[in-house]
Every structure is written in C-alpha cells, then in structure tokens.
Amino acid sequence: MDSGSGRPSPRKRADARRNEVTLLDAAAAAFVSAGVDAPVRDIAARAGVGVGTIYRHFPTRADLIVAVYRHQVEACAQAGPTLLADSATPHAALAQWINLFVDFLVTKHGLAEALQSDNAAFETLHAYFLDRLVPVCAQLLDAAAAAGEIRPDVTAFELLRGVGNLCIGASQPRYDARRMVELLVAGLRQRQSAGPR
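Bear in mind the structure is a predicted one, so any value in this text is a computation, not a measurement.

Caption draft 1: The arrangement of the overall build of the protein in detail. Within the protein one finds nine helices and zero strands. Starting at the N terminus and ending at the C terminus, the protein contains elements arranged as α-α-α-α-α-α-α-α-α. Counted over contacts in the protein with a minimum sequence separation of 6, partners at least 24 positions apart contribute 65%. Accessible area for the protein stands at about 11600 Å²; split by element, carbon and sulfur atoms hold 53% of it.

Set out below in structure tokens:
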C-alpha cells in the first residue's frame, strides 16, 4: 500500500497481473493436455499456487475458461503488429500469425463444447473473438496485398473462417490441419504474370 493513500502501489498491481498471467498460462497448458475439465489441483500445481488462489481469482470453472480464452485471444491479437514489424515480408508475417491462430484453435480441447453450453458467461466470447482478431488479420492481409504478395480480394473474416473450418478434426491421426492451412495461405499468393511468350 502507498503510505497514507490506502491504495495499492503500482508494483503490487503489476505483481498481481503477473500472477494472474501465470495462472492463465498454467490453465491453458492444462486445457491442452486434459481439456477444459482439467482438475483445478493440477492447474494450481502447474502455476505453483494453492487451489484457493485459483478460486480467489476465478470463482467458477466458467470464469477460468473465459479468462483463458480472452488471454489467448489477446496474445494472438497483440502478435499481429509485432510480426508485421519484425518479419521480412508482410506475407511472412501473415503466415506466422495464421500459424499462431492455428495453435489457438487446435489446442482448445473441449472449449468449443463448453462455449455451446447454456452458461451465460460464454455468450459474448464469440463476438469478442471476432472484434479482436478480424481487424488484426485484416491489417496483415492489407499489408501483404499492398506489397503485391497476395491477391487483394480475400477478407479477414473469410480467411479466419476458412482456417477454422480446416482445423475441425485436427485431432484425427490421419489429418494434418496445419498442412492444410499452409496450403491455404500459400494459395493466397498473387500470381505473377507470365509475360509474352
């Protein structure tokens, strides 16, 4: 606490935020390996905290699932501009970002089912997902199209929907969703004119 003000110091807030991120990362890892019904004690062990700490932050499993989902959507959204700034080309940035998006989709064991439940906590998640990720994808597509690397007639919503559809059944042993998405992204490439023969 700041002396005399009665308010938490900024350092405590930063520490609390880091602790929450650690919990969310641990829960996400548990969801990958065991699904969204992973025991809270396993999540607590991964995070190095007691079970009570998790319940203090997330009173219900739905609260935890929503927080993990939002945390991972934010990480994906924030990666877009960074990749665009750091990659050799806009197409390379787009391909890397789509790869992150695929990671997000294929590691959500049980999340889709949970989101279709009647739990009111999940109602706004789909809109949140679209509001955060469609503009980032559009920025990457626009940059790649402006650089002449991809065809300009693909919308972000179409691409994300296509990737999402290709990721259905990703857990099937004879189906490689990542390879199919790579083919989709490669297919965005602008055809170079052959020139006179």
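Caption draft 2: Spotlight on the nonpolar core. With 54 residues, the main nonpolar core has Phe31, Trp97, Ile98 and Leu133 as its most contacted residues. Where this core is concerned, the elements lending two or more residues are helix 1 (10-34), helix 2 (40-47), helix 4 (61-86), helix 5 (90-106), helix 7 (125-146), helix 8 (156-167) and helix 9 (177-186). Looking at this core, the element that brings in the most residues is helix 4, giving twelve residues.

Caption draft 3: How the structure looks around the environment of Thr82. Examined against the element boundaries, Thr82 turns out to sit in helix 4. For Thr82, a relative accessible area of 44% corresponds to the partly exposed category. Distance in space between the C-alpha atoms of Thr82 and Trp97 is 9.8 Å, their sequence separation being 15 residues.

Caption draft 4: Quick look at the pattern of salt bridges. Under the criterion given, the structure shown has three salt bridges. Two residues, Arg132 and Glu74, come together in a salt bridge whose shortest N-O distance is 2.6 Å. Taken as a pair, Arg132 in helix 7 and Glu74 in helix 4 lie far apart in primary sequence, 58 residues in all. The partner of Arg178 in a salt bridge is Asp103, with the nearest N and O atoms 2.4 Å apart.

Caption draft 5: Up close: the packing of aromatic side chains. Under the counting rule described, the total for this entry stands at five aromatic pairs. Here the aromatic rings of Trp97 and Phe101 are separated by 5.9 Å at their centres, their planes lie at 5°, and the arrangement is stacked. Placement of both Trp97 and Phe101 in helix 5 is noted, with a separation of four residues, approximately one turn of the helix. Here Trp97 falls in the buried class, since its relative accessible area comes to 0%. Linked through ring pairs, Tyr69, Trp97, Phe101, Phe104 and Phe129 together constitute an aromatic cluster.

Here is what the cut-offs are and how they apply
Residues numbered from 1 in each chain as written. Predicted model: local features only at pLDDT ≥ 70, side-chain atom pairs only at ≥ 80, totals over all residues. Heavy atoms only, no water. Helix = DSSP H or I, 4+ residues; strand = E, 2+ residues; numbered from the N terminus. Contact = heavy atoms within 4.5 Å. Areas by Shrake-Rupley, 256 points an atom, 1.4 Å probe, with all protein chains shown as cover. Core = buried A, V, L, I, M, F, W, Y, C linked by side-chain atoms within 4.5 Å. Buried < 20%, exposed > 50% of the residue type's maximum accessible area, 1.4 Å probe, protein only. Salt bridge = Lys/Arg side-chain N within 4 Å of Asp/Glu carboxyl O. Phe/Tyr/Trp six-rings, centres within 6.5 Å; stacked < 30°, edge-to-face > 60°.

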